[in-house]
Amino acid sequence: MSHPNLKIEVIGGHVVLLVEDTEVFDYVEDFLIEEHNLMYSFVVIGEANGVKTYTLHFQETSDPTKLQTAVDAIDPDELQRIWSLNN
């Protein structure tokens, strides 16, 4: 399943998750930790087109499969509702 505010990439040999919007980030972070026990190593915060972006680095893995499975489990309607609150 594809979420327009979430993008998984492999950068420098480890998996990263790019998240747009602060509220979406808060929701996704909680979901990954609480529902899937996925902890990222560090986060880089930036801004693109006036929207905060968060790049979560999962340094302990180079295989995006587990993260993709967790992201696919996120309710797209809830994600859209959260995105719409701020944008």
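Let me begin by describing the structure that accompanies this report.

### Observations concerning the overall build of the protein chain
The helix and strand tally for the protein chain stands at three helices and four strands. Listed by position from the N terminus, the elements making up the protein chain come as β-β-α-β-β-α-α. What you see for the protein chain is a C-alpha radius of gyration of 12 Å, in line with the 12 Å of a compact globule of 87 residues. Counting only C-alpha atoms, the protein chain reaches 35 × 25 × 20 Å along its principal axes. Residues classed as buried in the protein chain amount to 36% of the 87 residues present. Considering only contacts within the protein chain whose residues lie at least 6 apart along the sequence, 62% involve residues at least 24 apart. Of the accessible surface of the protein chain, which amounts to about 5,200 Å², a share of 48% is contributed by carbon and sulfur atoms. In the protein chain, which carries 4 positive and 16 negative side-chain charges, the distance between the mean positions of the two groups comes to 3 Å.

### Some points on the pattern of salt bridges
All told, the structure shown has two salt bridges when counted by the stated rule. A salt bridge links E9 to K7; the nearest nitrogen and oxygen atoms lie 3.1 Å apart. The class of K7 is partly exposed, set by a relative accessible area of 48%. Note that R81 is salt-bridged to E78, the shortest N-O span being 2.7 Å. You can see R81 and its partner E78 sitting in helix α3 (residues 76-86), three residues apart, about one turn around the helix.

### Observations concerning the pairing of strand β1 (residues 6-11)
A regular strand carries its side chains on alternate faces of the sheet. Direction of pairing for β1 relative to strand β2 (residues 14-20): antiparallel, over a ladder of six bridges. For I8, the partnering residue across the bridge sits in β2 and is L17.

### Re the packing of aromatic side chains
Applying the stated criterion across every chain, the model contains three aromatic pairs. Between the aromatic rings of Y27 and F31, the centroid separation amounts to 6.3 Å while the plane-to-plane angle is 25 degrees, which identifies the pairing as stacked. With Y27 and F31 both in helix α1 (residues 22-36) and four residues apart, this pair spans about one turn of that helix. By relative accessible area, which is 24% here, Y27 ends up partly exposed. Note on F31: relative accessible area 14%, which makes it buried. Aromatic pair Y40 and F58: ring centres 6.3 Å apart, planes at 80 degrees, arrangement edge-to-face. With Y40 in the loop between α1 and β3 (42-48) and F58 in strand β4 (residues 51-58), the pair connects residues that are 18 residues apart, well separated along the chain. There is no split in this pair, since Y40 and F58 are both buried.

Analysis parameters
Counting from 1, residues in each chain are numbered in the order their sequence is written. Totals for whole chains, interfaces and linings use every residue, but because this is a predicted model, local features are given only for residues with pLDDT of at least 70 and side-chain atom pairs only at 80 or more, for both listing and counting. Excluding hydrogens and water, the side-chain values take into account all heavy atoms of the structure. Secondary structure elements follow DSSP: runs of H or I of four or more residues count as helices, runs of E of two or more count as strands, with numbering from the N terminus. The reference for a compact globule is 2.2 Å times residues^0.38; the radius of gyration itself is calculated from the C-alpha atoms. Exposure is judged per residue with a 1.4 Å probe applied to protein chains only, and the accessible area is read against the type maximum: over 50% gives exposed, under 20% gives buried, and values in between give partly exposed. Note on contacts: a residue pair is in contact if any heavy atoms of the two residues lie within 4.5 Å. Residue exposure ignores everything except the shown protein chains as possible cover, and the areas themselves are Shrake-Rupley values with a 1.4 Å probe. For the charge count, each Lys or Arg is scored as positive and each Asp or Glu as negative, with His and the chain ends excluded. Note on charges: their place is set at NZ of Lys, CZ of Arg, CG of Asp or CD of Glu. By definition here, a salt bridge exists when the distance from a side-chain nitrogen of Lys or Arg to a carboxyl oxygen of Asp or Glu is within 4 Å. Whether two strands pair depends on DSSP finding at least two bridges between them. Side-chain rings of Phe, Tyr and Trp, where Trp is taken by its six-membered ring, are said to pair if the distance between their centres is within 6.5 Å; with planes under 30 degrees apart they count as stacked, over 60 as edge-to-face, and otherwise as tilted.

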